[in-house]
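# Structural characterization, general
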Amino acid sequence: MLKLKALLTAYFQTGLTDKKYDDSNRRIYVVNLFSFVGMVITGLMSFNAFIQQDYLLALVLFIASIIYFSGYLLQKKTHNTVLSTAFILYSLIFLMIYLVYSGGVNNTGPLWIFIIPPVALFMHGLKRGVIDNLVFIVVISFIMFYQNGALLDTEYSFQFKTRLIYSYLTVTFLSSFYEFSRNRTYQYTLELSKKYELLAKLDPLTKLSNRRDALLLLEQEHSKQKRNPMNISLILCDVDKFKLINDTYGHNFGDKVLIQLAECFQNALREQDIISRWGGEEFLFILPETSLRDANILAEKIHRLVRNLQCQHDKTTIHITVSMGISELTATQRIRDAINIADKCLYQAKVSGRNQTISTLAE
Ligand SMILES: Nc1nc2c(ncn2[C@@H]2O[C@H](COP(=O)(O)OP(=O)(O)OP(=O)(O)O)[C@@H](O)[C@H]2O)c(=O)[nH]1
């Protein structure tokens, strides 16, 4: 029993990506599910038609059963949901047209057409799903009403045919409305989750990466470095005497200074560099493809830019300085150790009088 459950789970999850909330995952799942359900149901119907000695219907249903399984195989091999959904859906539509044309077992075939609206909308989404349904309704109306059923292999009363069309239109409308609401809810949830994902990564004050995100990004760069050797330098930058600034000019002014500094750093660094607010008045710069020598040159540039920064409080211009510690992260080193070295250098810069940079290069 457990083995069967594991087998079915593996079957339904074939081809799913690790993007949990991706809508294409839903389509892949629908293809797997529908190919399984379609294969089993048409297989059973084929067996039933065979028992009833309706061999042509049994053959058609048997072929349909194989087609549904092929849809699953197609999706497994090609990972192309557009192809596999079209393959499954259009073969289903052809089967339904055949059931309407032939009447199926005891003229009950048309009852199956009501599975098309939800399946078409699940597989093709609102717009194409509605088009599929309208085309289908036009085709079966033509087959049923043309010259009073001359194209049919069976007979239906006029009332049966009109009610079939009305009820089909009703199911299509309700399924479309459901798909519309589902899609809106999905889009809303997606936007919300993207927004929160971003908020979880950013420091709300400076809009720079926060410490957690910086560590994740640093881990990514470190893994890249292990595959393709490159220099990575780290700069820990701390605002000098920031407590004094807060105490003298107020916390709000302190916040403004941090925002201005963040902008200044963003202008100084390259796009591939990662600037993060490491905590409080401390920033961490992650510099891929940067040697210690280049990181020192950059630190000098930052000192220059910060020196020229105009932090206005009322009519007074406040001058800010920063201290920095630089280290290099090597492929064999632990991230934690490289940050600790930068931290020690920063401490040295502070005790040596601030407004300067200490780097492992000098050791
Ligand atoms: N305005 C503001 N202040 C902050 C923020 N985060 C931390 N601080 C303040 O930053 C100050 C840091 O003070 P200290 O750690 O003593 O360092 P410092 O005064 O900069 O002295 P040195 O680092 O030795 O030059 C503290 O007063 C914190 O309250 C923030 O988001 N906004």
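Residues numbered from 1 in each chain as written. Predicted model: local features only at pLDDT ≥ 70, side-chain atom pairs only at ≥ 80, totals over all residues.

### With respect to the site of the ligand
As a reminder of what qualifies: We call a residue near a molecule or strand if the C-beta atom, set from the backbone, is within 6 Å of it. Numbering of helices and strands runs from the N terminus, with a helix taken as a DSSP run of H or I at least four residues long and a strand as a DSSP run of E at least two residues long. Gly is placed with the polar residues, together with every amino acid not listed as nonpolar (Ala, Val, Leu, Ile, Met, Phe, Trp, Tyr, Cys and Pro) or charged (Asp, Glu, Lys and Arg).
Around the ligand, the surrounding shell holds 17 residues, and the nearest of these are Asp240, Phe242, Lys243, Gly254 and Gly280. Secondary structure elements with two or more residues in the shell around the ligand: strand S1 (232-239), helix H8 (242-249) and helix H9 (251-268). Taken together, the residues that form the shell around the ligand break down as 5 nonpolar, 4 polar and 8 charged.

### Points about the packing of H8 against H9
To keep things clear, this is the line we draw: Axes here mean lines fitted to C-alpha atoms, for a helix over just the part in contact, with angles spanning 0 to 180 degrees between N-to-C directions. Angular relationships are summarised with four words: roughly parallel below 35 degrees, roughly antiparallel beyond 145, roughly perpendicular across 65 to 115, and oblique for the angles in between. Placing a C-beta atom from the backbone of each residue, one calls two residues in contact when those atoms lie within 7 Å.
Put simply, H8 and H9 touch, their axes get as near as 6 Å, and they point 135° apart. Regarding the angle of H8 to H9, the classification is oblique. Residues Phe242, Ile245, Asn246 and Tyr249 of H8 pack against His251, Phe253, Gly254 and Val257 of H9. Among the residues making up the contact of H8 with H9, the classes are represented as 5 nonpolar, 3 polar and no charged.

### Remarks on the environment of Ile339
Our working rule: Comment: burial labels come from other C-beta atoms within 10 Å of the residue's own C-beta, placed from the backbone, where a count of 20 or more is buried, 12 or fewer is exposed, and between is partly exposed.
In this fold, Ile339 is placed in helix H11 (residues 335-351). For Ile339, a count of 20 C-beta atoms within 10 Å translates into the label buried. For Ile339 and Leu234, which are 105 residues apart along the polypeptide, the C-alpha to C-alpha distance reads 7.3 Å.

### A closer look at the packing of helix H2 (residues 23-51) against helix H3 (residues 55-78)
Cut-off, in case you're wondering: By convention the crossing between two helices is left-handed if the near helix lies anticlockwise of the far one by an angle smaller than a right angle, and right-handed if it lies clockwise.
The contact between H2 and H3 brings their axes to 8 Å, and the two run at 160°. Put simply, H2 runs roughly antiparallel to H3. Where H2 crosses over H3, the two elements pack in a sense that is left-handed. For the pair formed by H2 and H3, the contact residues are Ile28, Val31, Asn32, Ser35, Gly38, Met39, Thr42, Gly43, Met45, Ser46, Ala49 and Phe50 on the first element and Tyr55, Leu57, Ala58, Leu61, Phe62, Ala64, Ser65, Tyr68, Phe69, Gly71, Tyr72 and Gln75 on the second. Residue classes in the contact of H2 with H3 are distributed as 15 nonpolar, 9 polar and no charged.

### A look at the environment of Trp112
Checked against the element boundaries, Trp112 lands in the loop between helix H4 (81-102) and helix H5 (116-145). Judged by the 17 C-beta atoms lying within 10 Å of it, Trp112 falls in the partly exposed class. Separated by 13 residues in the primary sequence, Trp112 and Leu99 place their C-alpha atoms 8.1 Å from one another.

### Remarks on the nonpolar core
Using the following cut-off: Throughout this description, the term nonpolar core refers to a group of buried Ala, Val, Leu, Ile, Met, Phe, Trp, Tyr and Cys residues whose C-beta atoms join them within 7 Å.
Core analysis: the biggest nonpolar cluster contains 39 residues, and Leu234, Ile235, Leu236, Met324 and Ala342 have the highest contact counts within it. For this core, the secondary-structure elements that each account for two or more residues are helix H7 (211-227), S1, H9, strand S2 (274-279), strand S3 (282-288), helix H10 (292-307), strand S6 (322-329) and H11. Dropping the residues within four chain positions of it, Leu234 is found in contact with Leu284, Ile286, Ile326, Ser327, Leu329, Ala338, Ile339 and Ala342. Grouped together as the second largest cluster of nonpolar side chains are 34 residues, Leu61, Ile67, Val119 and Ile140 included.

### Topic: the pairing of S1
The following threshold applies: By the convention used here, strands pair only if DSSP detects at least 2 bridges between them.
Of all 8 residues in S1, 8 are buried; the element is thus mostly enclosed. Side chains Ile232, Leu234, Leu236 and Asp238 project from S1 onto one buried face, and the interleaved Ser233, Ile235, Cys237 and Val239 project onto a second face that is buried too. Taken together, the 7 bridges between S1 and S3 define a ladder with antiparallel strand orientation. The residue of S3 that forms the bridge with Ile232 is Pro288. Here 8 bridges tie S1 to S6, and the two strands are oriented antiparallel to one another. Opposite Val239, over in S6, you have Val322 as the bridge partner.

### Some remarks on the sheet that holds strand S7 (residues 357-359)
Consider a sheet: its strands pair through backbone hydrogen bonds, and that pairing is either parallel or antiparallel. One open sheet accounts for 5 strands, arranged S2-S3-S1-S6-S7; its pairing is mixed. Unpaired on one side and paired on the other, S2 and S7 mark the two borders of the sheet. Neighbour-to-neighbour, the strand axes of this sheet turn through a mean angle of 20°, independent of strand direction. Against the sheet, H7 engages S1, S2, S3 and S6, with an angle of about 135° to S2.

### Thoughts on the UniProt feature "transmembrane region" (unreviewed entry) in the protein
To keep things clear, this is the line we draw: UniProt positions are given in the numbering used here, feature names are shortened, and annotations may be inferred rather than shown by experiment.
Under the UniProt annotation, "transmembrane region" (unreviewed entry) lies at residues 29-49, 55-74, 81-101, 107-126, 133-152 and 164-180. Annotated as 65% helix and 0% strand, the span residues 133-152 places its first and last C-alpha atoms 20 Å apart. This span, residues 164-180, is 100% helix and 0% strand, and a straight line between its end C-alpha atoms measures 24 Å.

### Brief notes about unusual backbone geometry
You will see that Asn107, though not glycine, has its phi angle at about 60°, which is positive. As for its placement among the helices and strands, Asn107 is situated in the loop between H4 and H5. A count of 14 C-beta atoms within 10 Å places Asn107 in the partly exposed class. At Lys207, a position not held by glycine, the phi torsion is positive, near 65°. With respect to the element layout, Lys207 can be found in the loop between helix H6 (158-201) and H7. Looking at Lys207, the number of C-beta atoms within 10 Å reads 13, which means it is partly exposed.

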